[in-house]
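Breakdown of the fold
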Amino acid sequence: LASVIAAYSEPVAVPATQLTEESSDEERLVAEWTGTLATAVEGERCKLRRRQAALAHYGCGVLEELRSHAEKLQDELDKMLGDLVSKETAALSALATLMREAAEAGDELPHALTLDGEAVVVDESLLLLPPPPPPAPPPVEEATDSLRFNVSQLAALGGQLKKAASGHLIRATT
């Protein structure tokens, strides 16, 4: 911007015309207008330099304001990133503590553990171990009846009959 201002710092050189008493009206008119126009051009140049200086001052102010906003934004982003990293580090530490305690106790982790940003999530819908078997049903008790054999009596009777049979027939003497 300074180079633009410096480019217009030199006034325009207007050749001076020497007028004599013998000069015609046209030459005098041209000389008068040349001087008037040179003065007008110099005035416009001065206005241009003032405008350029004002624009440079305004532009530098805007750039400084933008720079300060950018620095504030950078500071806020750094703070937010620092907070996020510290929260994620704390969550990771909590996850490592859970896993270490389970390993030291010899326990297996029943559910999946995941790290979701800054929180440790225990996914109870996903089992890492098979569920424990259900308890065995209680044994069925037979109803005892004095007129009927129970299962153990029938088994013992069947065993004696097999011993007594030498073939397909049972002898009556045994």
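For the structure itself, consult the block above.
So, here is what we can say about the structure in this document. (Residues numbered from 1 in each chain as written. Predicted model: local features only at pLDDT ≥ 70, side-chain atom pairs only at ≥ 80, totals over all residues. Heavy atoms only, no water.)

Let's talk about the pattern of salt bridges
Summed over the entire model, instances satisfying the criterion amount to three salt bridges. As a salt-bridge pair, Glu44 and Lys47 come within 2.9 Å of each other at their nearest N and O atoms. Pair noted here: Glu44 and Lys47 are both in helix H2 (residues 25-105), with a separation of three residues, about one helical turn. Judged by its relative accessible area of 44%, Glu44 is partly exposed. For Glu64, the salt bridge goes to Arg67, with nearest N and O atoms at 2.7 Å. Separated by three residues within a single helix, Glu64 and Arg67 lie in helix H2, roughly one turn from each other. Given the relative accessible area of 43%, Arg67 is considered partly exposed. (Salt bridge = Lys/Arg side-chain N within 4 Å of Asp/Glu carboxyl O. Helix = DSSP H or I, 4+ residues; strand = E, 2+ residues; numbered from the N terminus. Buried < 20%, exposed > 50% of the residue type's maximum accessible area, 1.4 Å probe, protein only.)

Details of a negative patch on the surface
A surface patch of negative charge is lined by Glu71, Asp75, Glu76 and Asp78. Summarising the element assignment, Glu76 is placed in helix H2. The class for Glu76 is partly exposed, based on a relative accessible area of 49%. (Patch = residues over 30% accessible without salt bridge, like charges linked within 9 Å, V, L, I, M, F, W, Y side chains within 5 Å. Areas by Shrake-Rupley, 256 points an atom, 1.4 Å probe, with all protein chains shown as cover. Lys, Arg positive; Asp, Glu negative; His and termini not counted. Charge placed at Lys NZ, Arg CZ, Asp CG, Glu CD.)

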